[in-house]
Amino acid sequence: MMDWTDRHCRAFHRALTTRARLYTEMVTAPAVIHGDRERLLGFDAVEHPVALQLGGSDPAQLAEAARIGEAFGYDEINLNVGCPSDRVQSGRFGACLMREPELVADCMAAIREAVGVPATVKCRIGVDDQDPATSLFATVDACAAVGIDTFVVHARKAWLKGLSPKENRDVPPLDYALVRRLKRERPHLSVSINGGIGSLDEAEAHLDDADGVALDGVMLGRAAYHEPAILGQADRRLYGEASPDVDAFAALDRYRPYMVARLAEGVALPAMTRHMLGLMHGRPGARAFRRILTVEAIKPAAGLEVIDRAADAVREAEARREAA
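Keep in mind that this is a model prediction, so the values were computed, not measured.

1. A word on the packing of helix H6 (residues 101–114) against helix H7 (residues 132–144)
Line of reasoning, step 1. The contact between H6 and H7 brings their axes to 8 Å, and the two run at 35 degrees. Note on packing geometry: the crossing formed by H6 with H7 is right-handed. Counted together, Pro101, Glu102, Val104, Ala105 and Met108 of H6 and Ala138, Thr139, Ala142 and Cys143 of H7 form the full contact between these two elements.

Quick look at the structure:
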């Protein structure tokens, strides 16, 4: 979710769900060590629980970056072993590490030793011509041998040659059954599933133990970004909370103090509104909502009145439909 799940996006999603764990964009270990840490790692306390996702393949660098992340207050340090972009391949991290399970284990051992918060892995089921059953189990077992017990598995191979990063999200076939097999054969590990999950109905199906296997979690990526309102049901449907669902309008109200604070710091309004464009998906007035946020938020001195006008466009459209 590079360039998507930045701090403004995460704060917005937190306005919809209090329980779901949020993840940062992948940040490379060298960038954390040598770069602008506040820009790369800074986040608002409202985001908790939030995990820092690191990229890298040097155990010492990853350990140092993990310590820095823990000092910033992150609740989890996650190693990305799934990103298929050309940039990560040239840097020997991301999905290409599926070919080197022992190196992944060395990296995770270093991270686990460096921090007191959970150290976790997000991986693919394999890359290129690997046998997925062999590559997935080899990576998981190597990491489990050094004390790692939590895995998020994107249930697709990554084709590092011949497919773009975008195609790698859609073209390789999903193998949910293999992820369920991993949980069945390694019941002591926490196994969450990712990839192609487009709704909470699908998420609930993955968490169902009808076949005797209950996965421990579901990671939503693009579905949650493009239709964020579904997160307003997550606390009730996935966590069993008794509280009512969070409506899109209520989420805007919850997000308002964050926006006020960021605008006062000089953050441009579009940096926040770009993450809201799908909030009213499927509702009357959704197109007007997107248009107002897209066109008016970029105007000089644009403020929260833009959000209000966009929300009012939806309310008015819904009122017209009810009256018809």
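2. Details of the packing of helix H15 (residues 286–296) against helix H16 (residues 305–323)
Two quantities define a packed helix pair, namely the angle between the axes and the distance from one axis to the other.
Line of reasoning, step 1. The contact between H15 and H16 brings their axes to 8 Å, and the two run at 165 degrees. By the angle class used here, H15 and H16 are roughly antiparallel. Here the hand of the crossing between H15 and H16 comes out right-handed. Across the interface between the two elements, Ala288, Phe289, Ile292, Leu293 and Glu296 from H15 touch Val306, Ile307, Arg309, Ala310, Ala311, Ala313 and Val314 from H16.

3. Topic: unusual backbone geometry
Peptide bonds are, in most cases, trans, and in most cases residues other than glycine have a negative phi.
Line of reasoning, step 1. With an omega dihedral of -5 degrees, the bond running from His48 to Pro49 counts as a cis peptide bond.
Line of reasoning, step 2. Looking at the element boundaries, Pro49 is found in the loop between helix H3 (37–41) and strand S2 (50–55).
Line of reasoning, step 3. In this structure, Ala301 takes a positive phi of about 65 degrees despite not being glycine.
Line of reasoning, step 4. Considering the arrangement of structural elements, one finds Ala301 in the loop between H15 and H16.
Line of reasoning, step 5. Judged by relative accessible area, which is 80%, Ala301 ranks as exposed.

4. What about the pattern of salt bridges?
Line of reasoning, step 1. Here the structure, examined in full by the defined rule, presents 21 salt bridges.
Line of reasoning, step 2. Taking the shortest distance from any N to any O, the salt bridge between Arg237 and Glu204 comes out at 2.8 Å. Note that Arg237 is positioned in helix H12 (residues 234–239) and Glu204 in helix H10 (residues 200–207), a separation of 33 residues in sequence.
Line of reasoning, step 3. Residue Arg237 is classed as partly exposed on the basis of its relative accessible area, which comes to 23%.
Line of reasoning, step 4. Under the relative-accessibility criterion, Glu204 is labelled partly exposed at 30%.
Line of reasoning, step 5. Glu296 serves as the salt-bridge partner of Arg309, at 2.4 Å between the closest nitrogen and oxygen. Highlighted residues: Arg309 in helix H16 and Glu296 in helix H15, separated in sequence by 13 residues.
Line of reasoning, step 6. Residue Arg309 is classed as partly exposed on the basis of its relative accessible area of 38%.
Line of reasoning, step 7. Each of Asp44, Arg262 and Glu265 takes part in one network of salt bridges that share partners.

Criteria and thresholds
- Residues numbered from 1 in each chain as written.
- Predicted model: local features only at pLDDT ≥ 70, side-chain atom pairs only at ≥ 80, totals over all residues.
- Heavy atoms only, no water.
- Axes fitted to C-alpha atoms, helices over the stretch in contact; angles between N-to-C directions.
- Helix = DSSP H or I, 4+ residues; strand = E, 2+ residues; numbered from the N terminus.
- Left-handed = near helix turned anticlockwise from the far one by under 90°.
- Contact = heavy atoms within 4.5 Å.
- Parallel < 35°, antiparallel > 145°, perpendicular 65-115°, else oblique.
- Buried < 20%, exposed > 50% of the residue type's maximum accessible area, 1.4 Å probe, protein only.
- Salt bridge = Lys/Arg side-chain N within 4 Å of Asp/Glu carboxyl O.

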